[in-house]
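Breakdown of the fold
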Amino acid sequence: MSEHADGEELYALAAKLYPMQRSLTGAGVRETFDLLSEYLPLRVCEVATGTPAFDWAVPKEWAVSDGYIADEAGKKIISYKTNPLHVMGYSAPIDAVVSLEELQEHLHSLEGQPEAIPYVTSYYKERWGFCLTHTQRNALKKGAYRVYIDSTLKEGSLTYAELVVPGKRTEEILLSTYVCHPSLANDNCSGIALATFLARWIMSESRNYTYRVVFIPETIGSLVYLSKHMDEMKKRTRAGFVLTCVGDDRCYSFLPSRDGATLADRVAQHVLAAREPGYIAYTYLDRGSDERQYCSPGVDLPVVSIMRTKYGMYPEYHTSLDDLSVISPQGLAGSFAVHKECIGALEHNKIYKTTCVGEPQLGKRGLYPTVSKKGTVGDAQLYLDILAYADGTRDLIDIAKALRVSVSHLFEPIAALEAVQLLKSLD
Amino acid sequence: MSEHADGEELYALAAKLYPMQRSLTGAGVRETFDLLSEYLPLRVCEVATGTPAFDWAVPKEWAVSDGYIADEAGKKIISYKTNPLHVMGYSAPIDAVVSLEELQEHLHSLEGQPEAIPYVTSYYKERWGFCLTHTQRNALKKGAYRVYIDSTLKEGSLTYAELVVPGKRTEEILLSTYVCHPSLANDNCSGIALATFLARWIMSESRNYTYRVVFIPETIGSLVYLSKHMDEMKKRTRAGFVLTCVGDDRCYSFLPSRDGATLADRVAQHVLAAREPGYIAYTYLDRGSDERQYCSPGVDLPVVSIMRTKYGMYPEYHTSLDDLSVISPQGLAGSFAVHKECIGALEHNKIYKTTCVGEPQLGKRGLYPTVSKKGTVGDAQLYLDILAYADGTRDLIDIAKALRVSVSHLFEPIAALEAVQLLKSLD
Amino acid sequence: MSEHADGEELYALAAKLYPMQRSLTGAGVRETFDLLSEYLPLRVCEVATGTPAFDWAVPKEWAVSDGYIADEAGKKIISYKTNPLHVMGYSAPIDAVVSLEELQEHLHSLEGQPEAIPYVTSYYKERWGFCLTHTQRNALKKGAYRVYIDSTLKEGSLTYAELVVPGKRTEEILLSTYVCHPSLANDNCSGIALATFLARWIMSESRNYTYRVVFIPETIGSLVYLSKHMDEMKKRTRAGFVLTCVGDDRCYSFLPSRDGATLADRVAQHVLAAREPGYIAYTYLDRGSDERQYCSPGVDLPVVSIMRTKYGMYPEYHTSLDDLSVISPQGLAGSFAVHKECIGALEHNKIYKTTCVGEPQLGKRGLYPTVSKKGTVGDAQLYLDILAYADGTRDLIDIAKALRVSVSHLFEPIAALEAVQLLKSLD
């Protein structure tokens, strides 16, 4: 399938995900998994409120059906039904008439972005609140306001989904994305769409690694997931990617693992350097998604993020402006291609060793021009360079680095050298 | 006490030290220790002439009471009583009338600094000599000159002083300064004053490390001291500082240990980079004080120097121009503050380890805002960053480096994290 | 002997070598060794056609006595007797009349260098061919051409020569040069002349290392030689140099070993950095001579090349323009001097250790001025610097690097320190 068609499909899925009212828990997440189950054989799991996860516990489940602020004339100034961001995430229910002064304490707006509704949550302390544009807030006049939020916070469960795609090896590649953000397109309808289509592509290819794809609410979800699977993940995971903010087309960004030199770091940096040399390299200090858990001391998984514009670094971030206009088929297609190239590189990334002492005679194997003249050696140089560095200590990424080419540039010549028994892979 | 008041006190002590006629041995050094004993409970030691110290031996003790050159009319052209630098250090006695031609062989002046009396010594070969300004020298007319030096060189002793300030741990921090230079202010009245006030401050603080403070004549003194204490110092010393040329206010300078990566190097470079990023980094090739002995092969102590302008690099160096105008309360106060910060960093420098798997829930411990909105995470980020890097392999300096902050910036948040049992120090 | 006289001698030998019709095998190589045997006690070896050498076998021996293209009028347009490059190396015999169209398939010329006859070979596939200038080729008119090559390809042998100059130690330094190129001056009459005069110089000096000097055809020759000597060479070789393109005076070039950090790399980089800081540093990717075999995985010898302009990087390369005007006595003398300095450095390169704890008293050994005044310390600083870094872990190159001087700058002071027992070499 063309990169163009890929991008359109990814965008279409992101657009379907956009209106769903996701939160840390609840109906929006389940609706999301219902949709994704049309694409993938997901295993959906429910974890009961109160279940411990290291320092945390699964919070109550939140449901909200309506919410508004009405003025004295009964006119609804803002309404959940217009934009779900208007009700603060995990807001407690309220039905009261309050003065403007009291109301102000429960309002959230952004002075610097007066037309944006901010995305605000209060997961771990019960309070009520509304989010609105700063322009809307400034228009509020002294007086009494009806505040109404029809929400519940009660024992329930946290919902996540996973998919394990077995490969020839038990070693795993992790793909992790989060499903807790409501109508924000780049953050993270884009990541969910990418995870879905990467998983479909992986299932369609022959593969060496086993792939673990997880769709979780951010932070508490990865902690819950780790609390169940950490031992096996530590044993098996060779590389992992957190998929987030992969839909815009402004730039590419890289966020390393805490270790900074894992296989995931090496492959991501190599692919980005070859394809997108202008990418922005962040440090682990700039982290902000589930790598915070995956890479924490004692967990130490080799997990990185390849993003387009990093969360927090684009103006629409965590506001109503992060809508479907922020992402594009091109942006998504680029992320898809980069991640596929990383996975391709990982699949091919073996340690290689020449079978020869000294250079082989390429000519008798049809790999070398038999007339030697100025310039001809160039044609076969790549074979000789591969063999020169395939010394049984270097993996494919090392060899590509030594040769200053991209890993994918070596797939074919390596296959040719293996075919004539001049090269073998170890392991 | 304010930095300003510190500077004034340090300067006052340096000013008292300035006129004293110190040399490698003798009355000037003892007078110096009499003064310092008003500030510190020093242990003053005498080591007899001839006592071996590795490749060296304690030289004869030198005493000088007068010295002058007089012209034919009996007029004293230069006199020890005007400036003790006029008599070459360790000059043999002389009482003779010599021609100008013969006299010239015993004179020392600086053509490039015609108004400066140079500081010259001849510790290990007996000869007599005078030092004078080049202008004075040029004014000498052909004729006979009375040369008179009332000095003695005889069996005696070398005098040094030490102070061991015990801490909770037997591991030591070394402070070493030299007391063999006569009326030179920056080199090294400044270092003696700084060592004195650092020792007083250390005694006034609770401390983990034991502190060894030594006041010695340069080179032979450190060799003598090492010949008595090397084994225990090699076992115990975790970091050391040679205090010299710390009184002017032109710049900061760093001279590393031979190893270049000891704890002393790490803490000094960290503190200087944070406080005085324009500091001049010398190499061990530029060494010139007692680190030459402390860092020599087989001794290998972790000793560095943090100076203002390095010895040899300021025009007044080793001349009569290195007077009290070269140093200032501000210059001394800066050196005092930098060394206190190094010591503070060493005292706090433990290896830390988070007690959590994954990130902790800071909110329930009052360390995190409970409403999550754009920007709020910044407030608690420092706690999370510390925990992210506190993996049981990094000490405080490593963590500060990873976080790109100064060590002292972390004292409070680390205490807060320890208080809620999210962090513990190892060892 | 002066560097100037050296250069003249080297050039004179290169000029004698230039007209000889060398190829991979045959009379030209033997003629070359006859000449070199006037300079060196060479051992000349013959290896029979078909003898295996790893992935290769010794090819048939080639002999050629004449070759030309004549036009319909019988006029010889190009002739082997004018320039042996006109007959393609290892060309099969031919005696036929062919059309211009058919002839074209057997011609080699360079469009971009229309006045150059290219150097072309076909060692491993039998075919016939001629090389000519592009101008000559363009002048060919439609018509019939007599093509005549009087050559034979038959069972015979490959000829190489070696010289082992024993030293006090069995560890070896390797010098390798190739003798398979016909009338090309820089590539490689220059290398043969340099190897010859280096060997003569080595024989005239007292030496620690044993020296192995090999004159071989490129590629197949080094493979044949390795197939006989690899085990002992792997055990003994401490450093090696491929001598090629050492005769022009445009620049210096360095080609590292595959490892990049062997003793050969360290000494060559050190000497070049000190003598020729503008030298061009290539990478192992740019390799092109027998280091391809010596450094290949499993062989792993510490072999580098120090060249003037690297093969492939000068316009005359592999054409008739690489004549005696490309090389010069000055160019050859520079290469001779650099290689001698490398060998000198290797001979002196021991691990040193001070015999003192702390600095020694240089004065009592006559190595230090006994009057200490501003500036005097500089005179003895080199002794103290050597002792400061001679800690039993650093070899001479390490010490020179730490001191930022050239190795040869240290020969004398090290001898002086050894003479007074302040320094000793380990091993």
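Bear in mind that the values here come from a model prediction, so they are computed numbers and not experimental data. (Residues numbered from 1 in each chain as written. Chains lettered and ligands numbered in written order. Predicted model: local features only at pLDDT ≥ 70, side-chain atom pairs only at ≥ 80, totals over all residues.)

1. Some points on the overall build of chain A
This is how it is decided: Put simply, DSSP H or I for four residues or longer makes a helix, DSSP E for two residues or longer makes a strand, and each gets a number counted from the N terminus. Partly exposed residues are those falling between the two cut-offs: more than 12 but fewer than 20 other C-beta atoms within 10 Å of their own, whereas 20 or more means buried and 12 or fewer means exposed, with C-beta atoms placed from the backbone. We call two residues in contact whenever the C-beta atoms placed from their backbones are within 7 Å.
Along the backbone of chain A there are 12 helices and 19 strands. For chain A, the C-alpha atoms occupy an extent of roughly 95 × 40 × 35 Å along the three principal directions. For chain A, with 427 residues in total, the buried portion stands at 50%. The long-range fraction of contacts in chain A, counting pairs at least 24 apart against all pairs at least 6 apart in sequence, stands at 80%.

2. Focus: helix α7 (residues 263–275) of chain A
All names here are of chain A. This is how it is decided: Expected helix span is taken as 1.5 Å per residue step, with the number of steps being one fewer than the number of residues.
For α7, built from 13 residues, the straight-helix expectation of 18 Å at 1.5 Å per residue is met to within 8% by its first-to-last C-alpha distance of 18 Å. Buried residues dominate α7, accounting for 10 of its 13 residues. Listing the buried residues of α7 in full gives Leu263, Ala264, Asp265, Arg266, Val267, Ala268, Gln269, His270, Val271 and Leu272. Looking at the buried positions of α7, the neighbouring elements they touch are β13 (237–243), β14 (253–255), β16 (303–307), α9 (329–348) and α11 (396–403).

3. Describing the pairing of strand β17 (residues 351–354) of chain B
Residue and element names in this part refer to chain B. The following threshold applies: Whether two strands pair comes down to DSSP finding at least two bridges between them.
Burial of the side chains of β17 is restricted to one face: Tyr352 and Thr354 are buried, whereas none of Ile351 and Lys353 on the reverse face is. Sheet topology places β17 next to strand β18 (residues 391–395); 2 bridges connect them, and they run antiparallel. Across the sheet, the residue bridging to lysine 353 is aspartate 391, located in β18. The pairing of β17 with strand β19 (residues 423–426) spans 4 bridges and is antiparallel. Looking at the pairing, isoleucine 351 lines up with leucine 426 of β19.

4. A word on the relation of the copies chain B and chain A
Filter applied, for reference: Least-squares fitting of one copy onto the other uses the C-alpha atoms of those residues that reach a pLDDT of at least 70 in both copies.
Relative to chain A, chain B is turned by 120 degrees and slid 0.0 Å along the rotation axis, the superposed coordinates differing by an RMSD of 0.1 Å. In symmetry terms, the pair is related by a three-fold rotation axis. In terms of proximity to the rotation axis, the leading residue of chain B is Ala261(B), whose C-alpha is 13 Å off the axis.

5. Here's the deal with the sheet that holds strand β6 (residues 94–99) of chain C
Residue and element names in this part refer to chain C. Under the convention used in this document: Interaxial angles span 0 to 180 degrees and are taken between N-to-C directions of axes, which are lines fitted to C-alpha atoms, for helices over the stretch in contact.
In spatial order, the strands read β5-β4-β9-β6; together these 4 strands make up an open sheet with antiparallel pairing. The sheet is open, and its two edges are formed by β5 (76–79) and β6, each paired on a single side. The average angle at which neighbouring strand axes cross in this sheet is 20 degrees, direction not considered. The pairing of strand β4 (residues 61–70) with β5 spans 3 bridges and is classified as antiparallel. Looking at β5, one finds that tyrosine 68 is bridged to serine 79.

6. Here we look at the sheet that holds strand β1 (residues 43–48) of chain C
Residue and element names in this part refer to chain C. Across the sheet, 8 strands lie side by side as β1-β10-β12-β11-β13-β16-β14-β15; this open sheet has mixed pairing. Edge strands, defined here as strands with exactly one partner in the open sheet, are β1 and β15 (280–281). Relative to strand β10 (residues 157–165), β1 is paired through 6 bridges, and the arrangement is antiparallel. Along β10, the bridge assignment pairs glutamate 46 with threonine 159. Running at roughly 25 degrees to β10, helix α2 (residues 27–36) makes contact with β1, β10 and β12 (210–216) of the sheet. Against the sheet, helix α5 (residues 185–204) touches β10, β11 (172–178), β12 and β13 (237–243), its axis set at about 150 degrees to β11.

7. Topic: the domain arrangement of chain A
All names here are of chain A. This is how the line gets drawn: The split into domains, and so the bounds of each, comes from an automatic or database assignment of domains. Residue classes follow a fixed rule: Ala, Val, Leu, Ile, Met, Phe, Trp, Tyr, Cys and Pro count as nonpolar, while Asp, Glu, Lys and Arg count as charged, and any other residue, Gly among them, counts as polar.
Domain assignment breaks chain A into domain 1 (3–59 + 157–347), domain 2 (63–154) and domain 3 (351–426). Computed from C-alpha atoms alone, the centre-to-centre distance between domain 1 and domain 2 is 31 Å. Each partner contributes to the interface: domain 1 provides 13 residues, whereas domain 2 provides 14 residues. Broken down by class, the residue content of the side of domain 1 that touches domain 2 amounts to 6 nonpolar, 7 polar and no charged.

8. What to know about the packing of helix α1 (residues 3–17) of chain B against helix α9 (residues 329–348) of chain B
Residue and element names in this part refer to chain B. As a reminder, the rule being used: Note on terminology: angles under 35 degrees are roughly parallel, angles over 145 are roughly antiparallel, angles of 65 to 115 are roughly perpendicular, and the others are oblique. Helix crossings are classified by the rotation of the near helix relative to the far one: an anticlockwise turn of less than a right angle makes the crossing left-handed, while a clockwise turn makes it right-handed.
One way to put it is that α1 packs onto α9 with a least axis distance of 7 Å and a crossing angle of 110 degrees. As the angle between them shows, α1 and α9 are arranged roughly perpendicular. Handedness of the crossing formed by α1 with α9: right-handed. Facing Glu3, His4, Asp6, Gly7, Glu8, Leu10, Tyr11 and Ala14 of α1, the residues of α9 in contact are Pro329, Gln330, Leu332, Ala333, Phe336 and Ala337. Class assignment of the residues belonging to the contact of α1 with α9 gives a composition of 8 nonpolar, 3 polar and 3 charged.

9. Brief notes about the nonpolar core
Which entries qualify depends on this criterion: For the purposes of this analysis, a nonpolar core is taken to be any set of buried Ala, Val, Leu, Ile, Met, Phe, Trp, Tyr and Cys residues that are connected through C-beta atoms within 7 Å.
Counting residues in hydrophobic clusters, the biggest one holds 128 residues, and the most contacted among them are Leu10(A), Ala14(A), Ala193(A), Leu194(A), Val267(A), Leu332(A) and Ile386(A). Here this core takes 10 residues from helix α5 (residues 185–204) of chain A, the largest share from any one element.

10. Brief notes about the interface of chain C and chain B
Size of an interface, as often reported, equals the accessible area lost when the parts are brought together. Each partner contributes to the interface: chain C provides 20 residues, whereas chain B provides 21 residues. For the side of chain C that touches chain B, the secondary-structure elements that each account for two or more residues are α10 (377–389) and β18 (391–395) of chain C. Considering only residue class, the side of chain C that touches chain B consists of 7 nonpolar, 7 polar and 6 charged.

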